[in-house]
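# Fold and geometry: a report
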Amino acid sequence: MRGHGRQHGLGYLIAFGATGVGLLLRRFLSTDVFGIEAPLYLFLFVVAASAWLGGLKAGLLATTLSTLVEMYFVLAQDGWSTAEPLSRLRIILVLFSGVAISWFTELVHRSRDRAEQQRESLRITLDSIGDAVITTDAEGRVVSLNPVAVTLTGWTQDEAVGRPLDEIFHVINERTRQPIENPVKKALAEGRIVGLANHTVLIAKDGTEHPIDDSAAPIRDAAGGIRGVVLIFRDITERKRLYQQLQEADRRKDEFLATLAHELRNPLAPIRNALQILRWAGDDKKAVEQALTVMERQLQQMVRLIDDLMDVGRIIRNKLRLRLEQVDLVTVLRNAVDISRPLIEAAGHELTVTLPAGPIYVEGDATRLTQIFSNLLNNAAKYTEPGGHIWLTVELEDKHVVIRVKDNGLGISAEHLPHIFEMFSQVERSLEHSQGGLGIGLTLAKHLTEMHGGTIEAHSEGQGKGSEFIVRLPKTSSLPALQPPFAAPAESRAATGRSKVLIVDDDEDTVTSMSMMLRILGHDTYSARDGLEAVEAANSYRPDIVLLDIGLPKLSGYEVARRIRQQPWGKEMTLVALTGWGQEEDKRRAREAGFDYHLIKPVEPTALEKLLQDLHSSSA
Amino acid sequence: MRVLVADDNKDTADTLGMLLRLWGHEVRVAYDGPSALLLACRFKPHAVLLDIQMPKMNGGDVALNLKRQFNSEKILIIAISASDPDDPRLTRYKSAFDAFLCKPCELERLQELLADCRSRTVSYQSVAPARNTVAGTAS
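### With respect to the overall build of chain A
- Counting its secondary structure elements, chain A contains 18 helices and 19 strands.
- Going through the 620 residues of chain A one by one, you find that 32% of them count as buried.
- Nonlocal contacts in chain A, meaning residues at least 24 apart in sequence, comprise 63% of its contacts between residues at least 6 apart.

### Brief notes about the overall build of chain B
- When helices and strands are counted, chain B shows five helices and five strands.
- Mapped from its N terminus to its C terminus, chain B presents α and β elements in the order β-α-β-α-β-α-β-β-α-α.
- Here chain B holds 139 residues, and 45% of them are scored as buried.
- When contacts within chain B are restricted to residue pairs at least 6 apart in sequence, long-range pairs at least 24 apart make up 56% of them.

### A short note on the interface of chain B and chain A
- Counting residues at the interface gives 25 residues for chain B and 25 residues for chain A.
- Ranked by the residues each element gives to the side of chain B that touches chain A, the list is headed by helix α1 (residues 10-22) of chain B, at seven residues.
- Here the side of chain B that touches chain A is built from residues that sort into 13 nonpolar, seven polar and five charged.

### What to know about the nonpolar core
- In this structure, Val5(B), Ala6(B), Val48(B), Leu49(B), Leu50(B), Ile77(B) and Ile78(B) are the most contacted members of the largest nonpolar core, which totals 49 residues.
- Each residue touching Val5(B), except ones within four places of it in the same chain, is listed here: Ala13(B), Leu16(B), Gly17(B), Leu20(B), Val27(B), Val29(B) and Leu49(B).

### Looking at the sheet that holds strand β3 (residues 47-50) of chain B
Residue and element names in this part refer to chain B.
- If you walk across this open sheet you meet the five strands as β2-β1-β3-β4-β5, and the pairing is parallel. Every other strand in the sheet has two partners, leaving β2 (26-30) and β5 (99-102) as the edge strands with one partner each. Adjacent strand axes in the sheet meet at a mean angle of 20 degrees, parallel and antiparallel pairs treated alike.
- In this structure, strand β4 (residues 76-81) lies alongside β5, joined through four bridges in parallel fashion. When the sheet's bridge partners are listed, Ile80 is paired in β5 with Leu101.
- Across the sheet, helix α3 (residues 59-69) is in contact with β1 (2-6), β3 and β4; its angle to β4 comes to roughly 180 degrees.

### Some remarks on unusual backbone geometry
- Here the bond from Lys103(B) into Pro104(B) is cis, since omega is -10 degrees, no more than 30 degrees from zero.
- With respect to the element layout, Pro104(B) can be found in the loop between β5 and α4 (107-122).
- Phi at Asn318(A) takes a positive value of approximately 60 degrees, unusual for a residue other than glycine.
- Inspection of the secondary structure puts Asn318(A) in the loop between α10 (285-316) and β8 (325-328).
- For Asn318(A), a count of 7 C-beta atoms within 10 Å puts it in the exposed group.

### Comments concerning the pairing of strand β11 (residues 389-396) of chain A
All names here are of chain A.
- As defined by bridge partners, strand β9 (residues 350-354) adjoins β11 across five bridges and the pair is classed as parallel. Pairing of Thr352 across the sheet is with Trp391, part of β11.
- Pairing of β11 with strand β12 (residues 400-407) involves seven bridges; the strand directions are antiparallel. When the bridges of β12 are listed, Trp391 appears paired with Lys406.
- The antiparallel hairpin formed by β11 and β12 contains three residues in its connecting segment.

### Remarks on the sheet that holds strand β18 (residues 574-579) of chain A
All names here are of chain A.
- Read across the sheet, five strands follow the order β16-β15-β17-β18-β19 without closing on themselves; strand pairing throughout is parallel. The outermost strands of the open sheet, each flanked by one partner alone, are β16 (524-528) and β19 (597-600). On average, each strand axis in the sheet is inclined to that of its neighbour by 20 degrees, with strand direction left out of account.
- Sheet topology places β18 next to β19; four bridges connect them, and they run parallel. Across the sheet, the residue bridging to Thr579 is Ile600, located in β19.

### Points about helix α12 (residues 366-382) of chain A
- Taking 1.5 Å as the rise per residue, α12(A) with 17 residues should run 24 Å; its terminal C-alpha atoms sit 24 Å apart, in good agreement.
- Within α12(A), 15 of the 17 residues are buried, which leaves it mostly tucked inside the rest of the structure.

### Points about the packing of α10(A) against α1(B)
- At a minimum axis separation of 11 Å, α10(A) and α1(B) run at an interaxial angle of 150 degrees. Between α10(A) and α1(B), the angle falls in the class roughly antiparallel. Along this stretch, α10(A) crosses α1(B), giving a crossing that reads as left-handed. Side by side, α10(A) and α1(B) meet where Ala287(A), Gln290(A), Ala291(A), Val294(A), Arg297(A) and Gln298(A) of the first sit next to Asp11(B), Thr15(B) and Met18(B) of the second.
- The residue inventory of the contact of α10(A) with α1(B), partitioned by class, reads four nonpolar, three polar and two charged.

### A word on the pairing of strand β1 (residues 132-137) of chain A
Residue and element names in this part refer to chain A.
- In this structure, β1 lies alongside strand β7 (residues 226-235), joined through six bridges in antiparallel fashion. Bridging across to β7, Val133 finds its partner in Ile232.
- As paired elements, β1 and strand β2 (residues 142-145) share three bridges and run antiparallel to each other. Residue pairing for β2: Thr135 is matched across the bridge by Ser144.
- Connecting β1 to the next strand, β2, in antiparallel fashion are four residues, including Gly140 with a positive phi near 80 degrees.

### Re the confidence of the model for chain B
- Averaged over all residues, the pLDDT of chain B is 82; the fraction at 70 or higher stands at 85%.
- Interface confidence for the predicted complex, expressed as ipTM, amounts to 0.74; the pTM equals 0.56.

### Focus on the packing of helix α15 (residues 531-541) of chain A against helix α16 (residues 557-566) of chain A
All names here are of chain A.
- Running from N to C, α15 and α16 cross one another at 25 degrees; their axes reach a closest spacing of 9 Å. If you check the angle between α15 and α16, you find them roughly parallel. Relative to α16, α15 is oriented so that their crossing is right-handed. Of α16, the residues touching α15 (which contributes Gly531, Ala534, Val535 and Ala538) are Glu559, Val560, Arg563 and Ile564.

### Observations regarding α15(A)
Residues and elements named next belong to chain A.
- Buried within α15 we find Gly531, Ala534, Val535 and Ala538. Taken end-on, α15 shows its buried residues confined to a sector of 100 degrees, consistent with a single buried face. Those residues of α15 that are exposed and angled more than 90 degrees off the buried face are Glu536 and Ser540.
- Residues of α15 that are buried in the fold lie against β15 (500-504), β16, β17 (545-549) and α16.
- The first or second residue beyond α15 is Arg542, which carries a positive phi of 45 degrees.

### Points about the environment of Leu555(A)
Residue and element names in this part refer to chain A.
- Note on placement: Leu555 falls in the loop between β17 and α16.
- Sequence separation of Leu555 and Val535 is 20 residues, and the distance between their C-alpha atoms is 9.3 Å.
- The contacts of Leu555, once residues within four sequence positions are left out, are Gly531, Leu532 and Val560.

### Topic: the environment of Met514(A)
All names here are of chain A.
- Along the polypeptide, Met514 turns up in helix α14 (residues 508-520).
- Linking Met514 and Pro605, residues 91 residues apart in sequence, is a C-alpha distance of 8.7 Å.
- Other than its neighbours up to four places away in sequence, Met514 contacts Ile503 and Leu547.

What counts and what doesn't
Counting of residues starts from 1 at the beginning of each chain's written sequence and follows it residue by residue. As a convention, the first chain written is A and the first ligand written is 1, with the rest following in written order. In keeping with the predicted nature of the model, local features appear solely for residues at pLDDT of at least 70, side-chain atom pairs appear and are counted solely at 80 or more, and the whole-chain, interface and lining totals rest on all residues. Secondary structure counts use DSSP, requiring at least four H or I residues in a row for a helix and at least two E residues in a row for a strand, with both numbered from the N terminus. With C-beta atoms placed from the backbone, the exposure class of a residue follows from how many other C-beta atoms lie within 10 Å of its own: 20 or more, buried; 12 or fewer, exposed; in between, partly exposed. We call two residues in contact when their backbone-placed C-beta atoms lie within 7 Å. Think of it as three bins: nonpolar holds Ala, Val, Leu, Ile, Met, Phe, Trp, Tyr, Cys and Pro, charged holds Asp, Glu, Lys and Arg, and polar takes everything else, Gly as well. When buried Ala, Val, Leu, Ile, Met, Phe, Trp, Tyr and Cys residues are joined through C-beta atoms within 7 Å, the set is termed a nonpolar core. A pair of strands is considered paired only if DSSP assigns at least 2 bridges between the two. Axis lines are fitted through C-alpha atoms, for helices just across the contact stretch, and the angle between N-to-C directions can take any value from 0 to 180 degrees. Take the residue count of a helix, subtract one, and multiply by 1.5 Å to get its expected span. An angle counts as roughly parallel when it lies under 35 degrees, as roughly antiparallel when it exceeds 145, as roughly perpendicular when it falls between 65 and 115, and as oblique in every other case. Note: crossing handedness is left-handed where the near helix turns anticlockwise from the far helix by less than a right angle, and right-handed where it turns clockwise. Within a predicted model, pLDDT stands for the predictor's per-residue confidence, ranging from 0 to 100. Throughout, the arc means the angular range of directions from the helix axis out to the C-beta atoms.

Structural data, given as structure tokens:
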């Protein structure tokens, strides 16, 4: 059963009722009034009413009943065979006309249903579209609005229909606040699809504004005449917000690049000055000493910057890895304080550290944990006016250790607070308050804390009211496990008073400086510039130790190590890999290639000295 | 020549100061903007080498103040900065500097500029052309 209002039960009831009424009328109406055909009219009316109201089946039922009734009358008077031919014809007529009327009525019903279905499906479709749709007639008067259009314009369908579109679709330019020409008029006038200008704001009936994006297209009939316009528009608040976010990220990236250039240039200035001093100082020992100290300090500064940069790269690529072990947080915090102390003291800040007496164990990467807290302490030192106060406190909660780094410094405005941990965000960028650094310290601190399963929060009452950073780390109850040794123990080696060291690097300056350093330390050195030369030199020079760069021309450092290890004379040599990457993966590859040790460039002179000493004592 | 150096990076300021002394100049060093200005009043330098990003008062403002206080013809003011010279924040200070050197600055260039300045302070006749060449490099 398709059409509404027609139901089987009701249809049949109507058929019975109508036939009953017909029967009564036929019984009591004088045939004088209608003539002999009266029953025919009556029954046709009965069938038509039943079919219209009750559908095809009701019509057919009424036809059947009417035929039976007519037959009854005919048969009651005469037998079928003795009946007048006209009466017989009447019965047949009733039957056929009834079927025909029922069928035609059904056809009308069906086409009416189809049209209604199409209208309904169009309505449902328009109602379901996420965009607002308004249709108008050829005069630009509103014909329909879908629910989104109702929401955006604030006009209901009933209020809007029949009004000129201008009244309900009020658009202005976002910047000039001047009304914009209604796109529907243009679409009607020009007969083509009209897209709207940028920065359009729709003003709703109640005055609320939505940035929108729209287009108007003429509706054409089969002959190509314009019947109206369909206007489609959508709220682009969210898209605009995303676009602004992107722009902001792009701006911050540009600023970061400028800051990066600035921060990398800065330490270079004193290094160049110091180099010139070395050239000019002559015998002035004090000047030379001072120049060297400066160079070392500023070089360290650059290495730190580049380390931070590499960490940022790792975070972005999600490649940062932790070496988890049981770590005493108190030791970590002491180390962090040691790292940040020069900066804190330089600014004349007072530092109050409150630590528990015993160790607190957490599962973590000691280096990375130290980095979190030294970053927070450095931050406090930088963003506090000289002579300020910094507090570092540790509290134990049920399952967490809570570390607070608090200062009475510049504070953070409510506007900046939500973005403080975002990459490259620096609160102040004026020429007077540039605090140096890349604006990634807090980002690193946040990522590292989260990688340790902890949380970090920033609090500040506002500008000039100091800030507080709170780190929560999960506590572990288990006892610390023994640390695995850094590398395999050194192989025994003939004790000679000093070592023969082969230095392999394609960078001339690295080779020269390392040779100088090792000679000063009392060792013999020999050098090679590429992989093949290195293998030959190892054979002819037979060093105790080979310092091998990994990225070498001709043969990689890994390959050189493998070839040396294959030789009978190469089994006992100590092979040290020098690389710019301190990744676990690099260390593993180095071990597999036959290296005993792995050092990260630039090699700390003290680290190299210690390594050589260790080798000596283990071989002695 | 009397040369005043100002940079909030102590290492940079000190090493530049040492170098200038080795070159035979009389040098004073300041680590922020206001101290640079105060020192300049007492020291009356022939040349001032200013970092731009400094706490309290930036190098640009120091330069503008110096140009107002001193006979601007007689004092050579050089910016030595790690900032991009095209940074829009620096535009308003451009006129206050006779030259802009990027960190790490070419020390030969610095020597040339100072030598130019010395010749000007010795012979006032040559002031105008010398200044033009210096100012030309600043833009």
